[in-house]
Amino acid sequence: MNIQVNDFLNSRKKKIEEAMPLFIKDLSTPHSLKESMLYSLEAGGKRLRPVLVLALLHTYNKPEETGIATACAIEMIHTYSLVHDDLPCMDDDDLRRGKPTNHKVFGEAVAVLAGDGLLTQSFSLIVQDPVVTAEKKLRLVAELVKAAGVEGMVGGQVADMEGEAKSLSLEELEFIHENKTAKLLGFSILAGAILADAPEEDIDKLREFSYHLGIAFQIRDDILDIEGNQEKLGKPVGSDTLNEKTTYPSILSMQGAKDKLHDHISQAKNLLQHLSTKAELLEQICDLIAKRDH
Ligand code: FPP
Ligand code: MG
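The structure displayed is predicted, hence computed values, not measured ones.

Draft legend 1. Geometry of the overall build of the protein chain. A count of helical and extended segments in the protein chain gives 14 helices and two strands. Taking 19 Å as the expected radius of gyration for a compact globule of 294 residues, we find that the protein chain reaches 18 Å, a close match to that expectation. In terms of overall dimensions, the protein chain has C-alpha extents of about 50 × 45 × 35 Å along its principal axes. Per-residue burial over the protein chain gives 51% buried out of 294 residues.

Here it is as structure tokens:
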């Protein structure tokens, strides 16, 4: 694996992890709520979504500082979605990123409210950002609502719940994953491109790119639920099979799922060839996503 991409991911992950608590720690709010929000924010994770914002700025040779607040906002939304997803009324999970889930530590009511808090604060991070113009902020917020809201992640989560213990078609499965996973990941890419003043033609291509990358990310997730290692993943393997969920391997067989993963990765990489700038870092991130083990 190319050392440069790993250096980029690790150093930017560290930056994000240093910046995120600063947006929370001075808020005037009950201690329990703050602790619960910080507990999940600081529980680790790959930080792929925020790092993608910075990767886009890097690709367009723009200062990465412009993307820090937006990047942290996305990770806060991602974290809220995991806190809620783990609740007893949803997936009822005890372990996330190798640690007890938020509701196991703080109780269900505080976990629900910590998720609500992370979601609402994330918009504040974007809106209050002193280094981004009002016009760009408006565009970011509008795109984020589409990605994380009813026509994005929230809708995808409901479709996912309703599809449990049912046998879904590939089309239905793709609807779930495009909405539940790919749109928020895609927002990271679009947000980075918007902040970097990328040409509109590039933004259109990057929208398509992020669809392929997001679906590939989810196919890898399904594969890891079967072939992955519990220690590396920080959560139990086999939960999809246990919950009788339709997954890419369950529809296409393991080999079919792997072929589809590689097909989406090559389509994503192909789109990068048509940007107005060289995008080696993004190409390398595509390869990493295809091979990730956690
Ligand atoms: C793992 O991300 C997460 C996903 C593949 C997305 C799952 C989507 C949901 C749980 C949506 C839930 C929505 C609501 C509204 C409750 P990752 O591998 O990047 O995890 P990491 O941050 O731990 O690395
Ligand atoms: Mg779930």
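Draft legend 2. How the structure looks around the pattern of salt bridges. Applying the stated criterion across every chain, the model contains 22 salt bridges. With a shortest N-O distance of 3.3 Å, Lys 15 and Glu 65 are connected by a salt bridge. Of the two residues, Lys 15 sits in helix H1 (residues 3-22) while Glu 65 sits in the loop between helix H3 (48-59) and helix H4 (68-85), which places them 50 residues apart along the sequence. We note a salt bridge from Lys 245 to Asp 160, for which the minimum N-O separation is 3.0 Å.

Draft legend 3. Representation of the coordination of the magnesium ion (ligand 2) in the model. For the magnesium ion (ligand 2), the full set of protein donor atoms is Asp 85 (OD) and Asp 91 (OD), and the range of their distances to it is 2.2 to 2.4 Å. What makes Asp 85 buried here is its relative accessible area of 13%.

Draft legend 4. Geometry of the site of ligand 1. Around ligand 1 there are 17 residues in total, and Lys 46, Arg 49, His 78, Arg 97 and Gln 157 lie nearest to it. Contact between ligand 1 and Lys 46: an oxygen atom at 2.5 Å from a side-chain N or O atom of the residue. The separation between an oxygen atom of ligand 1 and a polar side-chain atom of Arg 97 is 2.6 Å. Considered on its own, ligand 1 offers 630 Å² of accessible surface; in the complex 91% of this is hidden by protein. Among the elements that line the shell around ligand 1, the one with the most residues is H4, at five residues. Classifying every residue of the shell around ligand 1 by side-chain character gives three nonpolar, seven polar and seven charged.

Draft legend 5. Expanded view of the nonpolar core. Leu 206, Phe 209, Leu 272 and Ile 285 are the most contacted members of the largest nonpolar core, which has 75 residues in total. Examining the composition of this core, we find that ten residues originate from one element, helix H9 (residues 170-195), more than from any other. Setting aside its immediate chain neighbours within four residues, Ile 285 contacts Val 5, Leu 9, Leu 48, Leu 52 and Ala 55.

Draft legend 6. The packing of H9 against helix H13 (residues 248-272), seen in detail. Where H9 meets H13, the axes come as close as 13 Å, and the angle between the chain directions of the two elements is 60°. Judged on the interaxial angle alone, H13 and H9 are oblique. In the crossing of H9 with H13, the sense of the turn from one axis to the other is right-handed. Counted together, Leu 170, Leu 173, Glu 174 and His 177 of H9 and Tyr 248, Ile 251, Leu 252, Lys 260 and His 264 of H13 form the full contact between these two elements. Taken together, the residues of the contact of H9 with H13 sort by class into five nonpolar, two polar and two charged.

Definitions and cut-offs
- Along each chain, residues carry numbers from 1 onward, in the same order as the chain's sequence is written.
- Each chain takes a letter, starting from A, and each ligand takes a number, starting from 1, following the order in which they are written.
- Reporting in this predicted model follows two pLDDT cut-offs: at least 70 for local features of residues, and 80 or more for side-chain atom pairs to be given and counted; totals over whole chains, interfaces and linings ignore these cut-offs and use all residues.
- Where side-chain values are given, they derive from all heavy atoms of the structure, hydrogens and water being excluded.
- Comment: elements are numbered from the N terminus, with helices defined as DSSP H or I runs of at least four residues and strands as E runs of at least two.
- Radius of gyration here uses only the C-alpha atoms, and the compact-globule reference equals 2.2 Å multiplied by the residue count raised to the power 0.38.
- Three exposure classes are used, based on accessible area relative to the maximum for each residue type with a 1.4 Å probe and protein chains only: buried under 20%, partly exposed in between, and exposed over 50%.
- What makes a salt bridge here is a side-chain nitrogen of Lys or Arg within 4 Å of a carboxyl oxygen of Asp or Glu, nothing more.
- Ligating atoms shown are N, O and S within 2.8 Å of the metal, or 3.2 Å for Na, K and Ca, and water is not included, meaning a site may look less than complete.
- The criterion for a residue being near a molecule or strand is simple. One of its heavy atoms has to lie within 4 Å of it.
- Polar contacts, as counted here, are pairs of nitrogen or oxygen atoms within 3.5 Å of one another; within protein the pair requires one atom able to donate a hydrogen and one able to accept it, and residues that are adjacent in sequence qualify only if both atoms are side-chain atoms.
- Only the protein chains shown count as cover for residues, with accessible areas throughout obtained via the Shrake-Rupley method and a probe of 1.4 Å.
- Gly is put with the polar residues, along with every residue not named as nonpolar or charged; the nonpolar set is Ala, Val, Leu, Ile, Met, Phe, Trp, Tyr, Cys and Pro, and the charged set is Asp, Glu, Lys and Arg.
- The definition of a nonpolar core used throughout is a set of buried Ala, Val, Leu, Ile, Met, Phe, Trp, Tyr and Cys residues joined through side-chain atoms within 4.5 Å.
- We call two residues contacting when some pair of their heavy atoms lies within 4.5 Å.
- Only C-alpha atoms enter the line fits that serve as axes; for helices the fit covers just the stretch in contact. Angles between N-to-C directions range over 0 to 180 degrees.
- Our angle categories are set so that under 35 degrees counts as roughly parallel, over 145 as roughly antiparallel, 65 to 115 as roughly perpendicular, and the remainder as oblique.
- Crossing handedness: left-handed means the near helix sits turned counterclockwise from the far one by under a right angle, and right-handed means the same turn made clockwise.

Purely geometric numbers; function is a separate question.
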